[in-house]
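The lines below spell out each chain.
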Amino acid sequence: MTDVTIRRALLSVSDKAGLVELGQALAERGVELVSTGGTAKALRDAGLVVKDISELTGFPEMMDGRVKTLHPTVHGGLLAVRDNPEHAAAMEAHGIGAIDLVVVNLYPFEATVAKGAARDEIIENIDIGGPSMVRSAAKNHAFVTIVTDPSDYAGLLAELAARGGAIGYDFRRLMAARAYAATAAYDAMISQWFAFADQQQQFPEMLSLNGRRVEALRYGENPHQQAALYVPVGPHIRGIAQAEQIQGKELSYNNLSDADAALELAAEFRGQDPAVVIVKHANPCGVAQAGSLLEAWQGALACDDVSAFGGIVATNVALDGPTAEAICAIFTEVVVAPAADAAARAVFAGKKNLRLLLTGELPDPRRGGLNVKPITGGLLVQSRDNGAITATDLKVVTRRAPTPQELRDCLFAWTVARHVKSNAIVYAKDGVTAGIGAGQMNRRDSSRIAAMKAAEAAEKFGWAQSRAVGSAVASDAFFPFADGLLAAAEAGATAVIQPGGSIRDDEVIAAADSAGLAMVFTGMRHFRH
């Protein structure tokens, strides 16, 4: 494919950033500028000579600008195969001039939705002519250059400079690929709005997904895997992907995955007393809530300081200096928080490899949305696990009801358990996790592992007894047999919170009564695979 000299350019943009500078650079090369509406005005106001699109088509813009570029003179100039004699003859017969460069970006549909506009205004910001021109130009990239993003203007001008006013095929092909990605994302955004916002569909017949790559990562879960970070195109919540990295090495795939898990659990305590979450391999290994952030850190670390080494820390409140100093006493990969004061930032600055991520407001743990998981040949899609229970939702099923403190511990343990990989068992006492058992193939082993971690912590720190003694234990799903519950009782737990619903519930309740345990059913399960 040969270079194509740019003689005529059609510019029609919503985002005017860099427009005047681009127009001036093109005009200096003798390129004829054709434009529409506000774009033409902006160029003229800068002193540039511009031909209105209506001069090409012979028709004025009409219907409030809905119809202006949808015309054979425009699309013939874009779609004509220049070395096809029949196409050339048709252009000659109908007075169609070739258009060599199209610079278009689309109506601000995303911004219109984000500002809470009324439905009629949202509909008016669905671009029709723009995507049509983009697709026509991109299809005919053998002869036409399409640019849809102001960030590509510099590359366009560099290409023109390097090739004496022409554009090479590789650049045209690259821009065509980006153009189709832009229209695909734009249409996906519109279809999502119609399905989810306008029509309240939970699972539309066609699910359109989109994303913009914001960062290429060093590698994936393992060095032989490649990875990148994408963010949705269109309105979306802020989270780990939007966090400001204050310092530290480049984030890896695993860092981002673990940091997200830590943030999601820390968000459960949004607006509450200071809480600290320590995560390793997407599983909490220590969680605590206390009167100060430093106390919360100390409680979370004591749960399993071995697993905390090289872990991810998240907090629900701004980081302070004393807590930062304590965190830096062990090797930590990433720290996530809504904010950090000057003292905390100064402490972390001494650990140049530690990544500090500030998120601003924490995400709403009860928000809606979909989770998408690839499987071979398809996608599994489900609503987010945003279900929640309060004390009034609990059903006491044993002869003994939990004390007020046991009830608080039950609810705290339950909050943590919903973020632990199944099968999940969590012991908690006085707002601190005593032991966590995660990801085992049976619930009894999870109970035993959690109890073992609690016992190891007591031995290491010289406590009189394990914190599992007098604790509440949470199970993310029902106990299918009494053995898991009995393992918790052996560890010293005095209260149990679990969903219930097993065919052996009566057997498990009887075992709890025999052990003197108080047990409540939630009626809600929280598997996390």
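**Concerning the sheet that holds strand β3 (residues 32–35)**
Spatial ordering of the open sheet is given by β4-β3-β2-β5-β6, a layout of five strands whose pairing is parallel. In this open sheet, the two strands that pair with only one neighbour each are β4 (51–52) and β6 (145–147). Summarising the sheet, strand β5 (residues 101–105) and β6 pair through three bridges and their orientation is parallel. Its bridge partner being in β6, leucine 101 is matched across the sheet by threonine 145. In the packing of helix α8 (residues 129–139) onto the sheet, the strands contacted are β2 (8–13), β5 and β6, and the crossing angle to β5 comes to about 145°.

**Remarks on the side chain of serine 252**
Here serine 252 lies in the loop between β10 (244–247) and α11 (253–267). Using a relative accessible area of 8% as the deciding quantity, one classes serine 252 as buried. Polar contacts involving the side chain of serine 252 include one to the main-chain amide nitrogen of asparagine 255, which spans 3.0 Å. The contact partners of serine 252, leaving out residues within four places of it in the chain, are Leu217, Arg218 and Arg355.

**Looking at the pattern of salt bridges**
Here the structure, examined in full by the defined rule, presents 25 salt bridges. In this structure, arginine 44 engages aspartate 52 in a salt bridge whose closest nitrogen and oxygen atoms are separated by 3.0 Å. Between aspartate 364 and arginine 270 there is a salt bridge, and its shortest N-O distance comes to 3.7 Å. Of this pair, aspartate 364 sits in the loop between β15 (355–358) and β16 (370–375) while arginine 270 sits in the loop between α11 and β11 (275–280), and the two are 94 residues apart along the sequence. Where salt bridges share partners, they join Glu268, Arg366, Asp385 and Arg418 into one cluster.

**Concerning a nonpolar patch on the surface**
The grouping of Leu207, Leu209, Val372 and Leu379 at the surface amounts to a nonpolar patch, some 330 Å² of accessible area in total. Along the chain, valine 372 falls in strand β16. For valine 372, a relative accessible area of 38% corresponds to the partly exposed category.

**Points about the environment of aspartate 430**
Examined against the element boundaries, aspartate 430 turns out to sit in the loop between β19 (425–429) and β20 (432–437). Counting along the chain gives 73 residues from aspartate 430 to isoleucine 503, while the straight-line C-alpha distance between them is 32 Å. Once residues lying within four places of it in the same chain are set aside, the contact partners of aspartate 430 are Gln289, Gln405 and Asp409. Only 3.4 Å separates the side chain of aspartate 430 from the side chain of glutamine 405, close enough to count as a polar contact.

**So, the packing of aromatic side chains**
Enumeration according to the criterion identifies six aromatic pairs in this entry. Their ring planes at 70° and their centres at 5.0 Å tell us that tryptophan 193 and phenylalanine 194 sit as a pair that is edge-to-face. Given the relative accessible area of 9%, tryptophan 193 is considered buried. Plain terms: the ring middles of phenylalanine 461 and tryptophan 463 are 5.4 Å apart, the flat faces sit at 20° to each other, and that makes the pair stacked. Tryptophan 463 gets classed as partly exposed once you look at its relative accessible area, which sits at 27%. One aromatic cluster is present, built from ring pairs that chain together Phe109, Tyr186, Trp193 and Phe194.

**Some remarks on the packing of helix α4 (residues 72–79) against α8**
Geometrically, a packed helix pair is captured by the angle between its two axes and the distance between the axes. Between α4 and α8, the shortest axis-to-axis distance is 8 Å and the interhelical angle comes to 25°. On the basis of the axis angle, α4 is roughly parallel to α8. Where α4 approaches α8, its residues Val74, His75, Leu78 and Leu79 are matched on the opposing element by Ser132, Met133, Ser136, Ala137 and Lys139. Considered class by class, the residues forming the contact of α4 with α8 number five nonpolar, three polar and one charged.

**Quick word on the pairing of β15**
Judged by which residues are buried, β15 turns out to be covered on both faces: Arg355 and Leu357 on one side and Leu356 and Leu358 on the other are all buried. In this sheet, β15 lies alongside β10 in antiparallel orientation, the contact comprising three bridges. Its bridge partner lying in β15, glutamate 244 is registered against leucine 358. With four bridges connecting them, strand β14 (residues 332–337) and β15 associate as parallel partners. Looking at the pairing, alanine 337 lines up with leucine 358 of β15.

**Comments concerning unusual backbone geometry**
Cis geometry marks the peptide bond from serine 422 to asparagine 423; its omega dihedral reads -5°. Along the chain, asparagine 423 falls in the loop between α16 (404–417) and β19. In the Ramachandran plot, histidine 281 falls in the positive-phi region, its phi being about 50° despite a non-glycine side chain. When you line up the elements, histidine 281 lands in the loop between β11 and β12 (283–289).

**Here we look at the environment of isoleucine 237**
Secondary-structure assignment places isoleucine 237 in the loop between β9 (227–231) and β10. You can call isoleucine 237 partly exposed: its relative accessible area is 46%. A sequence separation of 130 residues divides isoleucine 237 from arginine 367, and the C-alpha atoms of the two residues are 9.5 Å apart. In this structure isoleucine 237 touches Gln242, Pro363 and Arg367, once residues within four positions along its chain are discounted.

About the cut-offs
Residues numbered from 1 in each chain as written. Predicted model: local features only at pLDDT ≥ 70, side-chain atom pairs only at ≥ 80, totals over all residues. Heavy atoms only, no water. Pairing = 2+ DSSP bridges. Helix = DSSP H or I, 4+ residues; strand = E, 2+ residues; numbered from the N terminus. Contact = heavy atoms within 4.5 Å. Axes fitted to C-alpha atoms, helices over the stretch in contact; angles between N-to-C directions. Buried < 20%, exposed > 50% of the residue type's maximum accessible area, 1.4 Å probe, protein only. Polar contact = N/O pair within 3.5 Å; in protein donor to acceptor, adjacent residues only side chain to side chain. Salt bridge = Lys/Arg side-chain N within 4 Å of Asp/Glu carboxyl O. Patch = residues over 30% accessible without salt bridge, like charges linked within 9 Å, V, L, I, M, F, W, Y side chains within 5 Å. Areas by Shrake-Rupley, 256 points an atom, 1.4 Å probe, with all protein chains shown as cover. Phe/Tyr/Trp six-rings, centres within 6.5 Å; stacked < 30°, edge-to-face > 60°. Parallel < 35°, antiparallel > 145°, perpendicular 65-115°, else oblique. Nonpolar A, V, L, I, M, F, W, Y, C, P; charged D, E, K, R; others polar.

Taken by themselves, the reported measurements are silent on function.
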